[in-house]
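Structure at a glance
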Amino acid sequence: MVDSESTTAQGDAAQELTRYMFELRLSHGSPSYEKIIKQIRGIDASSSLSLGTLSNLFRGNHGLPRRETAEAVARALGGREAASEALRLWDEARRQRDEAAAAERTVREEAPGDAAPAGRPVTGRRPLVLWALSTAAVAALLAAGGVWLLADDQAPAGATGSRTGISSTGSATSRNGRPAPLSSAAGASPNEPVWTGRSPLAVRAAWSDGECPTIWYDGPPERYFTAWKNHTKDATETELVSDQYSPPVDMTVQGRTEESVLLTDMEVTVLRSVPPPTRGVVINTAFGCGAAQLQRSFTADFARRPVKVTPDAGQDNNGKAIPPVRFPFKVSLSDPEDFLVNAKNVTGDCAFAIVLHWVADGKAGTTTLDNGGKGFRLIKTSSLPAYRFNGDMERPALERDPSS
C-alpha cells in the first residue's frame, strides 16, 4: 500500500509547477501555443517543442514534464527570472517524486502481499490540472453551470472538427455546444432502477494531444508542410491513421458532487465502417515530439465483434511495471478518473463511440461519448502515398516514404 503522505507531496509539487506555468502564461496575455513556440525558437532556433508538449505542460498531463521544456517555456514567457523559478519548482517536484517512489518501494518490500481491501475499487489516478483548484472553487464552477472546454490551440496535430469537453450537464459536449447522445437506460436490467434526469457525471473525451500521430490529409503534401511551417491551420480535412502513431482517446470522468458514482464498465461501439479513402496522402507528423510516457490505459480490439476492451499494464515514473487496473472505479467531484482508450486492428474507415456504464444512488445509467456526433474516426490504408519529416531540426522537410 502506498504511503498517502508521500503520494500527496508528490502530487502537490507537480501541481505547483503546473499552476506556476499556467499563471505565467496568463500574466503575459495568454499567448497561443503557436506564438509561444515562435518565441522559443527566437531564443533557440534548434528547439523542436510541439503543440502537444506545450498542451501537456500547461494542463498537467502525463506527470512531470522534461526539465528543459519547463525552462524553455518559462524563459520565453518571463525571461531569466521566470526560468529560474520554473527550474526550482521542477527540481523540488522531482525530489519529492523520487522520495515518494523510494517510500513506495520500501513499503512494498516490507509487505509484498499487501493489496487493496476487498470490494474497494482501485483508482489508478494521474494528476489533472483541475486539481490545482480548490474543491470549493471547482464546486462553485459546477454550481454556476460552468463548462470546461479545450481551447483551439490544444487540438492535436492533424485533428480538425469539434473537440469534446467536460460539461456541467455530465454529457459529452462539442465545441458548437450540441450535446452528444446521453442514454440513462441502456445496459440496465429490466428489474434494475434506471437513472432519470440530469447525469451525475461530467465527462470529457478527445484524442490525446501527447502524441504526434500519422494523419490522412485530403490535399497535396506541400500544402500541409506550408501550413505546418507557418504555424497556421489548414482548412483541408485531416483524420487520424490507424498505426503505431495513432493516439489514444483521453477520457476524464468526474462526479458533479461529492457523492460517489460507481463506474461499472466501459464498451466501444462501431458507428461506421466503410472502405478507406482513395485520394489524399498519409503523413507521419512525428517530428519534434517529446518521448511518449507510458501510463495506465485500455485497448479496444476492433478485430472482435463486439469490440473487446481490456485493461493494459503500465509503468510508473521510475519504469516499474504497474499491473492492469480493472473496473469498477469510483469518481466524485474531488476524485476524478482519467482513462486512455487505444484502438487496434482497425480496418478501413472506422468511426466509434465510447459508452460508460455507471451506478449512482442505486440507479443504473450510461453516458455515450461520440465526439459531437461524428464519432472518433480512424483510417487504415496502405494504398496512398506516404510522407514523413526528414528529422533535420534546422532544415525540416517532408520526404516521400520509400516503402509507400
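Residues numbered from 1 in each chain as written. Predicted model: local features only at pLDDT ≥ 70, side-chain atom pairs only at ≥ 80, totals over all residues. Heavy atoms only, no water.

A short note on the overall build of the chain
Along the backbone of the chain there are six helices and 17 strands. Across the 404 residues that make up the chain, the buried fraction comes to 47%. Considering only contacts within the chain whose residues lie at least 6 apart along the sequence, 76% involve residues at least 24 apart. Total accessible area computed for the chain in this model is approximately 19300 Å², and 51% of it derives from carbon and sulfur atoms. (Helix = DSSP H or I, 4+ residues; strand = E, 2+ residues; numbered from the N terminus. Buried < 20%, exposed > 50% of the residue type's maximum accessible area, 1.4 Å probe, protein only. Contact = heavy atoms within 4.5 Å. Areas by Shrake-Rupley, 256 points an atom, 1.4 Å probe, with all protein chains shown as cover.)

Concerning the sheet that holds strand β12 (residues 337-344)
The strand order across the open sheet built from five strands is β1-β4-β12-β7-β8, with neighbouring strands paired in mixed fashion. The sheet terminates laterally at β1 (201-207) and β8 (308-311), the two strands that pair on one side only. In this sheet, adjacent strand axes meet at a mean angle of 25° when their direction is disregarded. Direction of pairing for strand β4 (residues 249-255) relative to β12: antiparallel, over a ladder of five bridges. Directly across from Thr-252, in β12, lies its bridge partner Asp-338. (Pairing = 2+ DSSP bridges. Axes fitted to C-alpha atoms, helices over the stretch in contact; angles between N-to-C directions.)

With respect to helix α2 (residues 33-43)
Those residues of α2 that sit buried are Tyr-33, Glu-34, Ile-36, Ile-37 and Ile-40. An end-on view of α2 places all buried positions within 160° of arc, on one side of the element. (Arc of directions from axis to C-beta.)

Topic: the environment of Val-241
Among the secondary structure elements, Val-241 is positioned in strand β3 (residues 238-241). Note: C-alpha distance between Val-241 and Tyr-217 (24 residues apart in sequence) is 9.7 Å.

Here we look at the nonpolar core
Core analysis: the biggest nonpolar cluster contains 43 residues, and Met-251, Val-253, Leu-263, Phe-302 and Phe-352 have the highest contact counts within it. Tallying contributions element by element places strand β13 (residues 348-360) first for this core, with six residues. Among residues more than four places away in sequence, those in contact with Val-253 are Leu-201, Ala-202, Val-203, Leu-263, Val-331, Pro-336, Glu-337, Phe-339 and Leu-356. Leu-24, Ile-40, Leu-49 and Ala-82 belong to the second largest nonpolar core, which has 24 residues in total. (Core = buried A, V, L, I, M, F, W, Y, C linked by side-chain atoms within 4.5 Å.)

Brief notes about the pattern of salt bridges
One pass over the structure, following the stated rule, counts ten salt bridges. Linked by salt bridges that have partners in common, Glu-239, Arg-272, Asp-349 and Arg-377 make up one network. (Salt bridge = Lys/Arg side-chain N within 4 Å of Asp/Glu carboxyl O.)

Digging into the pairing of β12
In terms of residue burial, β12 counts as a mostly covered element, since six of its eight residues are buried. As defined by bridge partners, strand β7 (residues 298-301) adjoins β12 across four bridges and the pair is classed as parallel. Bridge pairing links Asp-301 to Lys-344 in β12.

Some details on helix α6 (residues 221-229)
Turning to α6, its buried residues are Pro-221, Tyr-224, Phe-225 and Ala-227. On an axial view of α6, the arc spanned by its buried residues comes to 160°, and they lie on one face. Packing partners of the buried residues in α6 comprise β2 (214-217), β6 (281-284), β16 (386-389) and β17 (398-400). Directly after α6, the chain includes His-231, whose backbone phi takes a positive value near 55°.

Things to note about the environment of Arg-105
By the secondary structure assignment, Arg-105 is in helix α4 (residues 67-110). Sequence-wise, Arg-105 and Lys-320 are 215 residues apart; in three dimensions their C-alpha atoms are separated by 10.0 Å.

Digging into the packing of aromatic side chains
Under the counting rule described, the total for this entry stands at 15 aromatic pairs. Considering the side-chain rings of Trp-207 and Phe-376, the 5.6 Å spacing of their centres and the 85° angle between planes classify their relative orientation as edge-to-face. Within this pair, whereas Trp-207 is found in strand β1, its partner Phe-376 is found in strand β15 (residues 376-380), the two being separated by 169 residues in sequence. Overall, the relative accessible area of 9% leaves Trp-207 in the buried class. Residues Tyr-217 and Tyr-224 carry aromatic rings whose centres are separated by 5.4 Å and whose planes lie at 70° to one another, so their mutual orientation is edge-to-face. Taken as a pair, Tyr-217 and Tyr-224 share a single burial class, namely buried. An aromatic cluster is built from Trp-207, Phe-302, Phe-352 and Phe-376, whose rings are joined through pairwise contacts. (Phe/Tyr/Trp six-rings, centres within 6.5 Å; stacked < 30°, edge-to-face > 60°.)

As for the side chain of Gln-254
Take Gln-254: it is sitting in strand β4. Taking the relative accessible area as the measure of exposure, Gln-254 reaches 3% and is therefore buried. Of the polar contacts made by the side chain of Gln-254, one reaches the backbone oxygen of Leu-333; its length is 2.7 Å. (Polar contact = N/O pair within 3.5 Å; in protein donor to acceptor, adjacent residues only side chain to side chain.)

Let's talk about the confidence of the model for the chain
When pLDDT is averaged across the chain, the result is 74; 69% of the residues are at 70 or more. Note that residues 1-10 has pLDDT below 50 and, in this model, 13 contacts with residues that lie over four places away or in other chains. Every residue in residues 113-188 scores below 50 in pLDDT, and together they form 176 contacts with partners more than four places removed in sequence or on other chains. (pLDDT = per-residue confidence, 0-100.)

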